[in-house]
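Listed here are the chains, written in short residue letters.
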Amino acid sequence: MQLAVLPLLGSAQAREIQHHDFSDPEGRLMAFYAAALAVSAVGTGTADTPWSVSAGVELSHIPLLSRKQRTAGFDKPESSNLSPILPRARISLSTPGSVRVEGSWLPPIAVFDARANLYAIAVSRSVASRGPIVITPRLAAAGGRARGAITCNDALLRGTPSEQIYYGAVCHARQSDDLFEPRQLSAEVIVSRTGGSRFVPFASAGVRRDDVRFDIGVRRPDGTRDTDHPVLVMRATRPFIASGVTWQSGRTDAGAEVYYAPGSLLTARVRLDLLVRPGRGSPHAR
Amino acid sequence: MLVGLALAAAIGCANFDSSTDPTFGLSDELVAAPSFSADIQPIFDRRCSIGGCHSLATAQAGLTLTASASYESLVGVPSSLRPQFARVAPFDAANSWLIRMIGSDPAARFGHQRMPLASMPLTPNQIQTIVNWIEQGALRN
């Protein structure tokens, strides 16, 4: 385990910054949630007719972690099973030149025990096709934050005597306001097979650069943040693969995929889009 | 394919195990003649003086174990929980409150929770290294 500690300058009280590798227990946990929140195509990434606009929603499954998996470096488990689902609004625009621009946003609403404000943008363009096979590179960037009571959760009061004392003494008997801030860049290549069917299978492989910050938000009795606790940072470049299928009918475009990030998670995502503005030449244009 | 998707949703899982390291990245060597700065303080740094515990800012139980303050906070200083015991009594590890609090015997701690709180205990070698340091006079070496 490599651990570097640096002071964070510029804050009211110096915060300690701990840098963790992907291989650290803390790094593994942060990488898991980075992978869970990563934005993926859940589709072929191919453009529709120019200036067409689609909008919809995506649901990602966030697997629950065991107590052991949530124990990152300390015996006290982190209360990170805040939500099993990550919903996202999505919108996409196809432009001339067969470029598809996608945006997604999870507004700051409560989803189970978490509140997140996550956004992403992606650009893709099909560059080659051979018969029914289409190859589409895609670049994506994502950022934002998720917040919840992860370090200090009143679930500790139902834990061991040590955890109960920890909640009173270290957590000041208050739930923490932890901030998880993933910043991500990803590049992938999507291969899809069109064959005249409404169902189009696809598979993709890529790499994702994670720059993840976890701000431990223990709160003092007066409600202010206890700056005695560090900020954890994890930076890593990790591969991922996905495979799924899209289905089109009329103005409806749905997709589902299995997403696998080695060393982090295996999960499933589904997407449902509606064509809200047909492009030039679209059979749906009036 | 659809069956595969449904299966993945059903068995969606984390693809890692927490690699718990009982040494917390520290040496697990039993040191016969320990040095305070080289062998004892690193244990305090990694396991005790972390945020919210025995750091300068928090100083739980009035005890600070950061490098700048640990020796003065420990050696010959009465415990705030059991003042009849010194936190570290040179040449007398058995009656040093520090050893009682990190040891496995609840009776020796008078029912107080074992330290580090809500975390794995120090390894037997780490505890014995601290015992050796105290039994050799708890020198500031």
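Residues numbered from 1 in each chain as written. Chains lettered and ligands numbered in written order. Predicted model: local features only at pLDDT ≥ 70, side-chain atom pairs only at ≥ 80, totals over all residues.

(A) Quick look at the overall build of chain B. Looking only at helices and strands, chain B has five helices and one strand in total. When the helices and strands of chain B are placed in sequence order, the string is α-β-α-α-α-α. Taking 141 residues into account, the globule formula puts the C-alpha radius of gyration at 14 Å, and chain B, at 20 Å, lies well above it. A principal-axis box enclosing the C-alpha atoms of chain B has dimensions of 70 × 30 × 30 Å. Residues classed as buried in chain B amount to 35% of the 141 residues present. Residue pairs in contact within chain B that sit at least 24 positions apart in sequence constitute 46% of those at least 6 positions apart. (Helix = DSSP H or I, 4+ residues; strand = E, 2+ residues; numbered from the N terminus. Rg over C-alpha atoms; globule rule 2.2 N^0.38 Å. Buried ≥ 20, exposed ≤ 12 C-beta atoms within 10 Å, placed from the backbone. Contact = placed C-beta atoms within 7 Å.)

(B) Focus on the overall build of chain A. A tally of regular secondary structure across chain A gives two helices and 13 strands. Dimensions of chain A, computed from the C-alpha atoms along their principal axes, are close to 65 × 35 × 35 Å. Out of the 286 residues in chain A, the part that is buried amounts to 46%. Within chain A, contacts between residues separated by at least 24 positions form 64% of all contacts whose residues are at least 6 apart in sequence.

(C) Up close: the nonpolar core. If you look at the biggest cluster of nonpolar residues, it comprises 86 residues, and the most contacted ones within it are M30, F32, A34, A35 and A36 of chain A together with V88 of chain B. Of all the elements, helix α1 (residues 25-37) of chain A adds the most residues to this core, at nine residues. Beyond its immediate sequence surroundings of up to four residues, V88 of chain B is in contact with L74, V75, S96, L98, I134 and A138 of chain B. (Core = buried A, V, L, I, M, F, W, Y, C linked by C-beta atoms within 7 Å.)

(D) Representation of the interface of chain A and chain B. Each partner contributes residues to the interface: chain A has 40 residues there, and chain B has 28 residues. Only α1, α2 (161-169), β11 (231-249), β12 (252-261) and β13 (265-277) of chain A provide two or more residues apiece to the side of chain A that touches chain B. With six residues, the top contributor of residues to the side of chain A that touches chain B is α2 of chain A. In this sheet, strand β1 (residues 13-14) of chain B lies alongside β13 of chain A in antiparallel orientation, the contact comprising two bridges. The residue bridging L265 of chain A from the neighbouring strand is A14 of chain B, located in β1 of chain B. (Pairing = 2+ DSSP bridges.)

(E) The packing of helix α2 (residues 36-47) of chain B against helix α5 (residues 124-135) of chain B, seen in detail. Residues and elements named next belong to chain B. In the contact formed by α2 and α5, the axes pass within 10 Å of each other and the chain directions differ by 130°. Judged by the inter-axis angle, α2 sits oblique to α5. Crossing of α2 over α5 shows left-handed handedness. In contact with F36, D39, I40 and I43 of α2, α5 contributes Q126, T129, I130 and W133. Here the contact of α2 with α5 is composed, by residue class, of five nonpolar, two polar and one charged. (Axes fitted to C-alpha atoms, helices over the stretch in contact; angles between N-to-C directions. Parallel < 35°, antiparallel > 145°, perpendicular 65-115°, else oblique. Left-handed = near helix turned anticlockwise from the far one by under 90°. Nonpolar A, V, L, I, M, F, W, Y, C, P; charged D, E, K, R; others polar.)

(F) Summary view of α2 of chain B. Between the first and last C-alpha of α2 of chain B there are 15 Å, a value that for twelve residues agrees with the 16 Å anticipated at 1.5 Å per step. Buried residues along α2 of chain B sit against α3 (70-74) and α5 of chain B. (Expected span 1.5 Å × (residues − 1).)

(G) Main features of the environment of D113 of chain A. Residues and elements named next belong to chain A. Counting through the fold element by element, D113 comes out in the loop between β5 (99-111) and β6 (114-125). Considering only alpha carbons, one finds D113 and V57, 56 residues apart in sequence, at a separation of 20 Å. Once you skip the residues sitting within four places of it in the chain, D113 turns out to touch L82, S83 and G148.

(H) Expanded view of α2 of chain A. Buried within α2 of chain A are the following residues: E163, Y166 and Y167 of chain A. Taken end-on, α2 of chain A shows its buried residues confined to a sector of 100°, consistent with a single buried face. (Arc of directions from axis to C-beta.)

(I) Representation of unusual backbone geometry. Residue and element names in this part refer to chain B. Here the amide bond leading from M115 into P116 is cis, since omega sits at -5°, within 30 degrees of zero. Tracing the backbone through its elements, the reader meets P116 in the loop between α4 (97-102) and α5. At F91, a residue that is not glycine, the phi angle is positive and equals roughly 70°. Considering the arrangement of structural elements, one finds F91 in the loop between α3 and α4.

(J) Main features of the pairing of strand β3 (residues 53-61) of chain A. Residues and elements named next belong to chain A. Here β3 pairs with strand β4 (residues 85-95) via nine bridges, running antiparallel. Within β4, the position partnered with S60 by the bridge is L86. One ladder, built from eight bridges, connects β3 with β13; its direction is antiparallel. Bridge pairing in β13 links V53 to R277.

(K) Here's a closer look at the confidence of the model for chain B. Mean pLDDT over chain B stands at 92; residues scoring 70 or higher make up 91%. This complex was scored by the predictor with a pTM of 0.89 and an ipTM of 0.85. (pLDDT = per-residue confidence, 0-100.)

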